[in-house]
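Residues per chain are reported as follows:
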Amino acid sequence: MDGTAIRKITLRMKIAITGANSSVGLNLLKHIVSATDINVIAGVRSDRAMQSLPSSPQVDPRIISYQDPAKLAAALEGADCIVHLAGILIEDKNTSYTSANVDATEAVVKAAQQLGAKHMVFISVIGANKDSSNAYFRSKGLAEELVRNSGLAASIIRTPILLGPNTAGASAMIGAATQPKTKILGGGKYSMCPLDIDDLNQAILNCCNGDSSDAKLYELVGPEPISYRDLIQKVASMMNNNVEIGSVPIVIAKLVAAISSRIKGGGITPTVIDVITMDEVVANNADGELKITLTPLQKTLEKILEHKKNK
Ligand SMILES: NC(=O)c1ccc[n+]([C@@H]2O[C@H](COP(=O)([O-])OP(=O)(O)OC[C@H]3O[C@@H](n4cnc5c(N)ncnc54)[C@H](OP(=O)(O)O)[C@@H]3O)[C@@H](O)[C@H]2O)c1
């Protein structure tokens, strides 16, 4: 992502970010602070989350709650664009798909309507569908519908697995690639189209700066399809590691996940395994429409390994 380009297009804009402490949010804040003049309301749910935000005169950290849309609107007051990032793939005892993905989006939509936001950006997922039998895809599909029917000018961006420093996908990938031997779901035969988190954040800023008056849906994936197995091999070889990749049969993994998630009240479930092992395919990639140049996968991986080395 070219920081100079961002500076040119985003002067004097104020945006509000929900889930600002998420991996996408922290990366977005880093770029905003280092390469733009944008002012940001960074919404998080706790003091602990607030500690993770960058300290900058451009960033106004606020504790927000999704229980009361009027209070939420007051907390996000003054924002031209609301970037709604809060959302989960993995449920736990305290957080369900309904509360994190659907109810939180409903509250943000209501708040955006109340404060008269000019634009809303919502990050969804490839495969989102309100009629899906998969609870995660269904929750993201229902959230998309709330945004689409809101009457707000909005950009809904469906993404595949995101790769960048501190994304869950990158951590799992590096974790597997650093081992001498690893076992991955179904031998990692499923096809992924990893998207560089910097490219997503450039797309988000372009949407904030856009002038559309209705709700638009984009499917944005990375430039290169690759099986998860090949991805692990590639990263391992970039780290000069020789990894032997074995397979955990998906049926067995789902059975174990069903039992352990019931005992723990969350974690990896059969639903999550279905999401992870789905082929990430789109009919039309929205990189052109979103005016971004996709980062080659090799470059994305180099950036992640460089970040790991400097940590
Ligand atoms: N990472 C990916 O590969 C990927 C792929 C496709 C789509 N996405 C979407 O992109 C967005 C950002 O993803 P990410 O991976 O950066 O997220 P992340 O790092 O996992 O952070 C999740 C965020 O959601 C908040 N959250 C959790 N439960 C919540 C609830 N019940 N109500 C409101 N907020 C809640 C968390 O706040 P607390 O810290 O307070 O819990 C945190 O800010 C999400 O909407 C995600 O679904 C991500």
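In this text, all values refer to a predicted model and were calculated from it rather than measured experimentally. Position numbers for residues count from 1 along each chain, tracking the sequence in the order it is written. Thresholds applied to this predicted model are a pLDDT of at least 70 for local features of residues and 80 or more for the giving and counting of side-chain atom pairs; totals over whole chains, interfaces and linings are not thresholded and use all residues.

Trainee: Even after reading the chapter, I still don't get the site of the ligand, so can you show me in this structure?
Mentor: The immediate surroundings of the ligand are formed by 25 residues, with G19, S22, A86, G87 and A100 found nearest. Put simply, the parts of the chain that give the shell around the ligand at least two residues each are α2 (23-35), α5 (97-115), β5 (119-125) and α7 (168-177). Per the convention used, a helix needs a DSSP run of H or I reaching at least four residues, while a strand needs a run of E reaching at least two, with both numbered from the N terminus. In terms of residue count, the dominant contributor to the shell around the ligand is α5 (three residues). Split into classes, the residues belonging to the shell around the ligand amount to 13 nonpolar, eleven polar and one charged. Using the backbone to place each C-beta atom, any residue with that atom within 6 Å of a molecule or strand is considered near it. When residues are sorted by character, Ala, Val, Leu, Ile, Met, Phe, Trp, Tyr, Cys and Pro go into the nonpolar class, Asp, Glu, Lys and Arg into the charged class, and all the rest, Gly among them, into the polar class.

Trainee: I'm lost on the nonpolar core in this one. Help?
Mentor: Considering soluble globular proteins, one finds that nonpolar side chains tend to be buried as a cluster. Core analysis: the biggest nonpolar cluster contains 89 residues, and I15 and I82 have the highest contact counts within it. Looking at which element gives the most residues to this core, the answer is α5, with nine residues. Here, residues touch in the contact sense if the C-beta positions derived from the backbone fall within 7 Å of one another. Setting aside residues up to four positions removed in sequence, I82 forms contacts with A16, L76, V108, A112, A117 and M120. To count as a nonpolar core, a set of buried Ala, Val, Leu, Ile, Met, Phe, Trp, Tyr and Cys residues must be joined through C-beta atoms within 7 Å. Working definition of burial: number of other C-beta atoms within 10 Å of the residue's own, with buried at 20 or more, exposed at 12 or fewer, and partly exposed in between, all C-beta atoms being placed from the backbone.

Trainee: I keep staring at α7 and nothing clicks. Help me out?
Mentor: For α7, the set of buried residues is G169, A170, M173, A176 and A177. In a view along the axis of α7, the buried residues occupy a sector of 135 degrees, so they form one face of it. Seen from the buried face of α7, the exposed residues on the opposite side, beyond 90 degrees, are A168 and G175. As for α7, its buried residues are in contact with β7 (162-163), β8 (181-185), α9 (228-238) and α12 (297-310). The directions from the helix axis to the C-beta atoms form the arc being described.

Trainee: Looking at this structure, I do not really get the pairing of strand β1 (residues 14-18). What am I missing?
Mentor: Along any regular strand, the residues point their side chains to alternate faces of the sheet. Along β1, four of the five residues are buried, which leaves the element largely enclosed by surrounding structure. Strands were regarded as paired on the criterion that DSSP finds at least two bridges between them. As paired strands, β1 and strand β2 (residues 39-44) are joined by five bridges and run parallel to one another. Considered in β2, the bridge of I15 is made with V40. Handedness rule for crossovers: strands pointing away from the viewer, path from the first strand over the helix to the second running clockwise, crossover right-handed. Handedness of the crossover joining β1 and β2 through α2 is recorded here as right-handed. In terms of strand pairing, β1 meets strand β4 (residues 81-84) through four bridges, oriented parallel.

Trainee: So what exactly am I meant to see when it comes to unusual backbone geometry here?
Mentor: Glycine aside, residues mostly have negative phi, and peptide bonds are mostly found in the trans state. For N166, which is not glycine, the phi dihedral falls at a positive 70 degrees. By the element assignment, N166 lies in the loop between β7 and α7. When the 15 C-beta atoms within 10 Å are taken as the criterion, N166 is described as partly exposed. One non-glycine residue, N240, adopts positive backbone phi at about 55 degrees. Note on placement: N240 falls in the loop between α9 and β13 (244-248). Residue class for N240 comes out exposed when judged on the 6 C-beta atoms lying within 10 Å of it.

Trainee: Would you mind showing me how to read helix α6 (residues 135-148) here?
Mentor: Here, expected helix span is obtained from the residue count minus one, scaled by 1.5 Å. Look at α6: 20 Å from first C-alpha to last across 14 residues, which is about the 20 Å you get at 1.5 Å a residue. Of all the residues in α6, the buried ones are Y136, F137, R138, S139, K140, G141, L142, A143, E144 and V147. Against the buried residues of α6 lie α5, β5, β6 (154-159), β11 (215-219) and α11 (270-276).

Trainee: Where do I start with the sheet that holds β1 in this structure?
Mentor: By way of backbone hydrogen bonds, the strands of a sheet pair with one another, either parallel or antiparallel. Taken in spatial order, the seven strands line up as β3-β2-β1-β4-β5-β6-β11 in an open sheet, and their pairing is parallel. In the strand order of this sheet, the two ends are held by β3 (59-63) and β11, each with one partner. Direction aside, the axes of adjacent strands within the sheet are offset by 20 degrees on average. Along the sheet face, helix α4 (residues 69-76) touches β1, β2, β3 and β4 and points at about 145 degrees away from the line of β2. Only the stretch in contact is used when fitting a helix axis, every axis being a line fitted to C-alpha atoms; angles between N-to-C directions are given from 0 to 180 degrees.

Trainee: Where do I start with the packing of α2 against helix α8 (residues 197-208) in this structure?
Mentor: One way to put it is that α2 packs onto α8 with a least axis distance of 10 Å and a crossing angle of 70 degrees. Regarding the angle of α2 to α8, the classification is roughly perpendicular. Helix-helix and strand crossings are classified by hand; for α2 and α8 the assignment is right-handed. Where α2 abuts α8, its residues V24, N27, L28 and H31 lie against I197, D198, L200, N201 and I204. Taken together, the residues of the contact of α2 with α8 break down into five nonpolar, three polar and one charged. The scheme is simple: roughly parallel for angles under 35 degrees, roughly antiparallel for over 145, roughly perpendicular for 65 to 115, oblique for anything else. A crossing counts as left-handed when the near helix is turned anticlockwise from the far one by less than a right angle, and as right-handed when that turn is clockwise.

Trainee: Honestly, the environment of A73 in this entry has me stumped. Any pointers?
Mentor: Tracing the backbone shows A73 in helix α4. When the 21 C-beta atoms within 10 Å are taken as the criterion, A73 is described as buried. Spatially, the C-alpha atoms of A73 and K303 are 37 Å apart, while their sequence positions differ by 230 residues. Excluding residues within four positions of it along the chain, A73 makes contact with A111, Q114 and L115.

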